[in-house]
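Coordinate inspection notes
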Amino acid sequence: YTRLFQNHMVRREVPLDPIWDFHILSSSGEKQEEYKMLVPSCWESNPNLASYKGKAVYSKRVTFGGNARLVFKGVSHTAYVYLDKKQVGYHYNAYTEFDILLQDIPHGEHLLEVIVDNSFHEESALHVSNDYHSYGGITRPIVLEEIGEMFIKNTHFIPNQEDGKWYASIRALLRNLSNEKKLVTLKIKVGDDEISFVDKVLPPNAETLLENRFEFPAATTYTLENPKLYMLEAKLFDKEKEVDDLIDRVGFREVKVNGKDILFNGEKVIIKGVNRHEDYAEFGCALPIEAMYRDIEMIKSLGANCIRTSHYPNDERVLDLCDENGILVWEESHARGLSEEQMRHKNFEKQSLDCIKEMIESHINHPSIYVWGILNECVSNTEFGRSCYAKQFELIKHLDSSRPVSFASLEAHIGSDLCLDLVDIVSFNIYPRWYHETSVKDSLYNLKKFVNSTSGAGKPLLISEIGAGAIYGYRNNNQEKWTEEYQKTALTEQVTTILSDEELSGVIIWQYADCRVDKGWFHGRPKSQNNKGLVDTYRREKLAYHKVKEIFLSY
Ligand code: ADA
């Protein structure tokens, strides 16, 4: 499954069996050890490759022909794609999807090869040694779709309410691959309502954007308590013939910011959230659907209403689960803790903007996403840094102006952050009682004093990270760091102080589960893990999980 529902009834998917041939590649590109590899999975799941960094090639023979789309939901982290030994694609970044259009392919068997590189090579600006692990492999699903002369590239749905009535702007991007002009009709069903774009001209070898605003008088509002979803079924007709389709899922809801409040359908929400890395014991970042499902159940049971996808876009099935469960998602483009030097990398700008573009284009329809976030703890306190934040926010607002934007700043920037005018929601990561002994109350006082002296004053203020480390099973009554007891004490003060502060919009705990970090981070990261999880990498609950649950359920 690439999603949690069927995406096509008309367009045909070519089955790709999950076991691929796999070779490690030497630095000069020669094939070395051979394995069989499961797709999707991280190659670290193979015990011989648990710490492998470098290149490898996946290969598979596939029978298809004509026009086709090869869709990769995620390859970690650099991919070179070849069909019959000819390069047909390249993509950088583990966490966004990309597709490759294959035209006029002779019917028959073809050799598909994907070279994957997870090294911190010199072209890589975003995947760098960091406080999480850059795994290797084809880590999210692949689909091969046979298409005709025309296909629906995407449909975008932006709902808004006026005078108690629901409307939606619907955009559909169509592609005509033929050398002739075509006359088509696109019909879109949203629940029982059907709307259409009739007799539209598609110029040859081009993309055409259809766009209109429609009224949905009978729509039921998507709320967190009753997350009502609608299938959005688009069908493309060439005269009477159905030539392509695309099924997505949407919800009617609105997110706004009013003064210091975050509003969901006009009602103030207080965020009680967790930061979550895509990382699970031996599965690495390629979580099986069962593990994703379990995470969502554990997060719901905690009484949380929000997940921040720190620090990159997530597997779309996680977003599907959040949509179904009414869990708000802060989806973040990829970047963590980059210095100015790292942000001046020759590829930083392009790789960041590509990541934002791919994230928004493929995830815009998820009703659960309520914030687009960027550049966690980067240099928002220098003029150069500010120019990067400004450019990225500008791109987001151009692609989707319907959602608030934010970024997680850090304690060290209290007094110097230059970017608070650029956001709709001001967010700070703070670590009182972990990295320093200031009380939570005093830390919040200092933070608010600073924010109120900037153009961030009067905006919602969210604590996007706070937490403390604990090694699962390390129990001791001395209240020292790394014990489960101390983590519980710290989180109790952190979470209750924030949730009792009416000037704040809520808290997103760092973090839901422990995660593996890059080996360069061993110092301060026992077991080479970031141990601030409420649960460990196997999802075994620490004392703090139960305490936070008690607190979340009482607010
Ligand atoms: C930062 C960062 C996280 C993590 C955390 C920590 O705030 O955003 O990725 O590194 O600190 O554990 O210190």
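Model, not experiment: these values are computed from the prediction.

**Brief notes about the overall build of the protein**
Along the protein, the regular secondary structure elements total eight helices and 28 strands. By the compact-globule yardstick of 24 Å for 555 residues, the protein fits well, its C-alpha radius of gyration being 24 Å. In terms of overall dimensions, the protein has a C-alpha envelope of 70 × 65 × 45 Å along the principal axes. In the protein, buried positions account for 60% of the 555 residues. Looking at the protein as shown, the accessible area adds up to about 21,800 Å², and 48% of this sits on carbon and sulfur atoms. Computed over 66 positive and 83 negative side-chain charges, the inter-centroid distance for the protein is 1 Å.

**Some words on the sheet that holds strand β14 (residues 230-238)**
The strand order β12-β11-β14-β15 describes an open sheet built from four strands, whose pairing is antiparallel. In the strand order of this sheet, the two ends are held by β12 (193-202) and β15 (241-250), each with one partner. Recorded for the sheet is a direction-independent mean angle of 15 degrees between the axes of neighbouring strands. As judged from the eight bridges shared by strand β11 (residues 182-190) and β12, these two strands associate in the antiparallel manner. Directly across from K187, in β12, lies its bridge partner S196.

**A closer look at the environment of V75**
If you trace the backbone, V75 turns up in the loop between β4 (55-72) and β5 (78-83). Of the residues examined, V75 reaches a relative accessible area of 1% and is grouped as buried. Along the chain, V75 and P217 lie 142 residues apart, while their C-alpha atoms are 42 Å from each other. In this structure, V75 is in contact with N93, A94, F98, V116, G137, I138 and T139, ignoring residues within four places of it in sequence.

**Overview of the site of the ligand**
Around the ligand, 13 residues are found, and the nearest of them are D131, E377, Y435, E465 and K532. Here an oxygen atom of the ligand sits 2.8 Å away from a polar atom, N or O, in the side chain of N376. The separation between an oxygen atom of the ligand and a polar side-chain atom of E465 is 2.4 Å. When its residues are assigned to classes, the shell around the ligand shows three nonpolar, four polar and six charged.

**Regarding unusual backbone geometry**
The omega angle of the peptide bond from V39 to P40 is 0 degrees, so this bond is cis rather than trans. The topology assignment puts P40 in the loop between β3 (31-38) and β4. The peptide bond linking W510 to Q511 adopts the cis configuration, its omega dihedral lying at 0 degrees. Looking at where Q511 falls in the secondary structure, it is placed in the loop between β26 (506-509) and β27 (515-516). Even without glycine at this site, K85 takes up a positive phi of about 75 degrees. Judged by its relative accessible area of 60%, K85 is exposed. Phi is positive for R433, which is not a glycine, with a value near 75 degrees.

**What about the pattern of salt bridges?**
Following the criterion strictly, the structure yields 49 salt bridges and no others. For E145, the salt bridge identified is with R69, shortest N-O distance 3.0 Å. Separated by 76 residues along the polypeptide, E145 in strand β8 (residues 142-147) and R69 in strand β4 bring together distant segments of the chain. You can call E145 buried: its relative accessible area is 5%. Close ionic contact of K448 with E503 constitutes a salt bridge, the shortest N to O distance being 3.4 Å. Of this pair, K448 sits in helix α6 (residues 440-452) while E503 sits in the loop between α7 (484-499) and β26, and the two are 55 residues apart along the sequence. Using a relative accessible area of 14% as the deciding quantity, one classes K448 as buried. When its relative accessible area of 39% is taken as the criterion, E503 is described as partly exposed. Connected through salt bridges with shared partners, the residues R3, K73, E97, D248, R249, E316, D320 and E324 form a single ionic network.

The rules we used
- Residues numbered from 1 in each chain as written.
- Predicted model: local features only at pLDDT ≥ 70, side-chain atom pairs only at ≥ 80, totals over all residues.
- Heavy atoms only, no water.
- Helix = DSSP H or I, 4+ residues; strand = E, 2+ residues; numbered from the N terminus.
- Rg over C-alpha atoms; globule rule 2.2 N^0.38 Å.
- Buried < 20%, exposed > 50% of the residue type's maximum accessible area, 1.4 Å probe, protein only.
- Areas by Shrake-Rupley, 256 points an atom, 1.4 Å probe, with all protein chains shown as cover.
- Lys, Arg positive; Asp, Glu negative; His and termini not counted.
- Charge placed at Lys NZ, Arg CZ, Asp CG, Glu CD.
- Pairing = 2+ DSSP bridges.
- Axes fitted to C-alpha atoms, helices over the stretch in contact; angles between N-to-C directions.
- Contact = heavy atoms within 4.5 Å.
- Near = heavy atom within 4 Å.
- Polar contact = N/O pair within 3.5 Å; in protein donor to acceptor, adjacent residues only side chain to side chain.
- Nonpolar A, V, L, I, M, F, W, Y, C, P; charged D, E, K, R; others polar.
- Salt bridge = Lys/Arg side-chain N within 4 Å of Asp/Glu carboxyl O.

Treat this as a map of the structure, not an account of what it does.
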